[in-house]
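Coordinate inspection notes
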Amino acid sequence: MAHTWDTFCAFYKGKRVLVTGHTGFKGSWLCRILTDMGAQVTGYAKEPPTDPNLFYAANIHEAMDSVIGDIRDLEHLRQVFERVRPELVFHLAAQPIVRDSYKDPVCTYETNVMGTVYLLECVRHTDSVRSCLNVTTDKVYDNKEWEYGYRECDPLDGYDPYSNSKSCSELVTHSYIKSFFDREQCRVSTARAGNVIGGGDFANDRIIPDCIRAAAAGKEIIVRNPYSVRPYQHVLEPLYVYLTIAMKQYEDLFFSGCYNVGPNDKDCVSTGVLADLFCKAWGQDCRWSNRYDGGPHEASFLKLDCSRIKKVFGWRPRMDVGQAVEWTVEWTKAYLAGEEMGEVMDRQIRVFFEGV
């Protein structure tokens, strides 16, 4: 079933919600949505990882309780849980870049594995928490680069340090659920999302931010591997699902579990096709070229089977990949034109939740 904006507002208004990783790309969008819905939002994360960044560009910090801290600092995290006593927790804090995980695997594992342990320790010792969602990635699977989409029951075993650390985060979560949680009191789920795009992503080594930087400078876009295939989706798609999972499992234990969140099969496209869509949406003779740089291993094909979440929640993606790129370009051009980005975000959020 599709939930309306009013349905979400009726549930989240006044709820105490803690979001880790709130200064990142996804976390910033999630906090904007939650504050718009009337939730009492506390965020826990390091300073934004890029400059510029969405968190400050849209003044998201002004409408929430923003705590700057490291997910690896258990004592500080405990203090925040004790002060806030959240009812719902969204765990997004992570080292999210594959190439960076090769450069610093220790930090990647400390953040993505022990960070999850510390988060779940705080959850299990905070009796106010009724619903917790650990956000991982589609890269948790033992990827054989087969044609079929991976299902939630398929083996976990990411290749690179980032993917593998997120696989470990999944296993940690499953162990804590079985070992420690009274599921009648606190329900815990994981969500494995495909690649997200959208306005306000300024990260390095991601295709759409790379496209934006080149196009804004009037330069040719460099694509290092145009043949890799990924499940691309607009950032609002998985956020809608995260909000749904957290809400529904809060109300009913039945809805807790592991869920893939990705686009329809037709929107699992190559990086070259994504670059073509971007150039079309951007206009102004935007173009790209193929320049493979011989970097570290990254999977060339990945697809998710999202039939479970569609069956359990009646969910369907609202955008195709072309629309996702167009919305990203629309946001970016508004940003470059100096518009008030919180208002731009609110407009896109409401249009999306009311039906694209």
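Located above this text is the structure these notes cover.
The following paragraphs examine the structure supplied in this document. If you're wondering where the values come from, they're calculated on a predicted model, not measured in any experiment.

**Here we look at helix α4 (residues 74–84)**
Turning to α4, its buried residues number three or more, namely L77, V80, F81 and V84. Taken end-on, α4 shows its buried residues confined to a sector of 100 degrees, consistent with a single buried face. Those residues of α4 that are exposed and angled more than 90 degrees off the buried face are E82 and R83. Those residues of α4 that are buried are in contact with β1 (16–20), β2 (40–45), β3 (65–68), β4 (88–91) and α6 (105–124). Note on α4: the residue one or two positions beyond its end, R85, has a positive phi of about 50 degrees.

**What about the sheet that holds strand β5 (residues 131–135)?**
Taking strand neighbours across the sheet as the criterion, the seven strands line up as β3-β2-β1-β4-β5-β6-β11 in an open arrangement whose pairing is parallel. With partners counted over all chains shown, the strands left at the sheet margins are β3 and β11 (258–261), one partner each. Between one strand axis and the next, the sheet turns by 15 degrees as a mean value, whatever way the strands run. Sheet analysis places β1 next to β2, joined by five bridges and oriented parallel.

**Structural notes on the packing of helix α12 (residues 321–336) against helix α13 (residues 341–353)**
Here α12 crosses α13 at 160 degrees, and the two axes come no closer than 10 Å. Here α13 runs roughly antiparallel to α12, going by the angle between their axes. Between α12 and α13 lies a crossing whose hand is right-handed. Contacts between α12 and α13 involve W327, E330, W331, A334 and Y335 from the first element and M341, V344, M345, Q348, V351 and F352 from the second. The residue inventory of the contact of α12 with α13, partitioned by class, reads nine nonpolar, one polar and one charged.

Definitions and cut-offs
- Sequence order as written defines the numbering, with residues in each chain counted from 1.
- Only residues with pLDDT of 70 or above have their local features reported here, since the model is predicted, and side-chain atom pairs are shown and tallied only from 80 upward, although totals for entire chains, interfaces and linings are computed over all residues.
- As a rule here, side-chain values cover all heavy atoms of the structure and leave hydrogens and water aside.
- Partly exposed describes any residue whose relative accessible area lies between the buried limit of under 20% and the exposed limit of over 50%, with all areas from a 1.4 Å probe on protein chains only and scaled to the type maximum.
- Where helices and strands are cited, they refer to DSSP runs of H or I of at least four residues and of E of at least two residues respectively, numbered from the N terminus.
- Arc, as used here, means the arc of the directions from the helix axis to the C-beta atoms.
- Throughout, a residue-residue contact means that at least one pair of heavy atoms, one from each residue, lies within 4.5 Å.
- By this definition, two strands are paired if DSSP reports at least two bridges between them.
- Each axis is a line fitted through C-alpha atoms, and for a helix only the stretch in contact is used; angles between axes span 0 to 180 degrees, taken between their N-to-C directions.
- Between 65 and 115 degrees an angle is taken as roughly perpendicular, under 35 as roughly parallel, over 145 as roughly antiparallel, and anywhere else as oblique.
- By convention, the crossing between two helices is left-handed when the near helix turns anticlockwise from the far helix through less than a right angle, and right-handed when the turn is clockwise.
- Only Asp, Glu, Lys and Arg are considered charged, only Ala, Val, Leu, Ile, Met, Phe, Trp, Tyr, Cys and Pro nonpolar, and every remaining residue, Gly among them, polar.

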